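Here's the letter readout for the chains.
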Amino acid sequence: GGGGGQNDRWNCAEESLFRVLHGTYVNNFCAIARLIGTKSCRQVYVFAVQESSIVHKVPIDHRVQSPPKKKRKHRLWAAHCRRIQLKKDNSSSQVYNYQPCDHSERPCDAACPCVTAQNFCEKFCQCSSECQNRFPGCRCRTQCNTKQCPCYLAVRECDPDLCHTCGAADHWASKSPSCRNCGIQRGLKKQLLLAPSDVAGWGTFIKESVQKNQFISEYCGEIISQDEADRRGKVYDKYMSSFLFNLNNDFVVDATRKGNKIRFANHSVNPNCYAKVVMVNGDHRIGIFAKRGIQAGDELFFDYRYSLADALKYVGIERKIPMM
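Below, the structure is looked at part by part. (Residues numbered from 1 in each chain as written. Predicted model: local features only at pLDDT ≥ 70, side-chain atom pairs only at ≥ 80, totals over all residues. Heavy atoms only, no water.)

A few points about the pattern of salt bridges
A full pass over the atoms with the stated rule returns 11 salt bridges. Of the charged contacts in the structure, one is a salt bridge between Lys 123 and Asp 159, with a shortest N-O distance of 3.1 Å. A residue pair is termed long-range when its members are at least 10 positions apart, and Lys 123 in the loop between helix H5 (113–116) and helix H6 (150–153) and Asp 159 in the loop between H6 and helix H7 (183–186) qualify at 36 residues. Look at Asp 159 and you get buried, because its relative accessible area is 4%. Put simply, Arg 232 and Glu 228 hold a salt bridge, and the shortest N to O gap is 2.8 Å. Taken together, the residues span about one helical turn, with Arg 232 and Glu 228 both in helix H8 (residues 226–238) at a distance of four residues. When salt bridges with common partners are traced through the structure, they connect Glu 222, Glu 228, Arg 231, Arg 232 and Asp 254 into a single cluster. (Salt bridge = Lys/Arg side-chain N within 4 Å of Asp/Glu carboxyl O. Helix = DSSP H or I, 4+ residues; strand = E, 2+ residues; numbered from the N terminus. Buried < 20%, exposed > 50% of the residue type's maximum accessible area, 1.4 Å probe, protein only.)

Below, the structure is given as structure tokens:
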């Protein structure tokens, strides 16, 4: 349907909703319009073209870009990759929760909450799509499992809305996308089993063999504040059992009451898995990955990074686990 006049103007909420829905419905403008509720199919289409988010798919303009512009884009891309490396090299151990910035009238400078928190601007931010702090995804044509991939280098999963060449945007039903850096968001976890541990109490065992650096499972639980984690931690200390896992400087994951099987993976100073906090579409999430090749039936261990005192308190004398 048509529409015009005052209704052609988009407010911040409508723009943000469009960007989220576009990731799911891609170029089904009428479906997006129905869900937004205040815009017609045509208005959604026109806005999508203005956003330049579908220019690569919608043949609206047959004019080719001039070569100088392509060179400029290549230079910008190279600069972007260097910025990621710099940010990674200079970043402290402080990791802050991402909150979208909302200042469309000015560029992202030192006052921008994303810049202040040393986070990249994301697709959910209200700043310009040309923002120098915005993360534009990767252009890989391989598996995105080395530091050659800007997303992997920045400890992020590939974003299907931004990474169009690596396979992250493959059909959601695909259980084996060519991109190897999208396992958490797609839920591509391995099958795990619970059984009495060789070390202490219950343990987590894997039902299938995995290769080094393969995604095994997400560490799930309640997301609580650091203050609440301190309160609960005092209680858990009395029971000599804790499933708290730092997510970032603001939040902690507590798998005590709400968790999955991976919470039963025991501590080891010689583990076969490692934990990594990864940015996944604007959220920090905890992935457990294989530190080396693991055979089907093996018990899973990762390093809890205890202090020396806590290691003696919680772990006691650890039985040595043979290297595979």
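Next comes the rest of the description.
What about the state of the cysteines?
Counting across every chain of the model gives one disulfide. The disulfide partner of Cys 30 is Cys 41, and the S-S distance across this bridge is 2.2 Å. Every disulfide takes its handedness from the sign of the S-S torsion; for Cys 30 and Cys 41 that torsion is 125°, giving right-handed. Of this pair, Cys 30 sits in helix H2 (residues 29–36) while Cys 41 is found in helix H3 (residues 41–51), placing the two residues 11 residues apart along the sequence. Classification of Cys 30 by relative accessible area gives partly exposed; the value is 33%. In this structure Cys 125 is a free cysteine whose sulfur lies 3.6 Å from that of Cys 101, the closest cysteine sulfur available. Residue classification places Cys 125 among the buried residues on the basis of a relative accessible area of 0%. (Disulfide = S-S within 2.5 Å.)

Quick look at the sheet that holds strand S6 (residues 251–254)
The antiparallel open sheet is built from three strands, whose spatial order is S4-S6-S5. Every interior strand has two partners, whereas the edge strands, strand S4 (222–225) and strand S5 (244–246), have only one. Direction aside, the axes of adjacent strands within the sheet are offset by 35° on average. Taken together, the three bridges between S5 and S6 define a ladder with antiparallel strand orientation. Within S6, the position partnered with Asn 246 by the bridge is Val 252. Together, S4, S5 and S6 form the strand contacts of H8, whose direction differs from that of S4 by roughly 105°. (Pairing = 2+ DSSP bridges. Axes fitted to C-alpha atoms, helices over the stretch in contact; angles between N-to-C directions. Contact = heavy atoms within 4.5 Å.)

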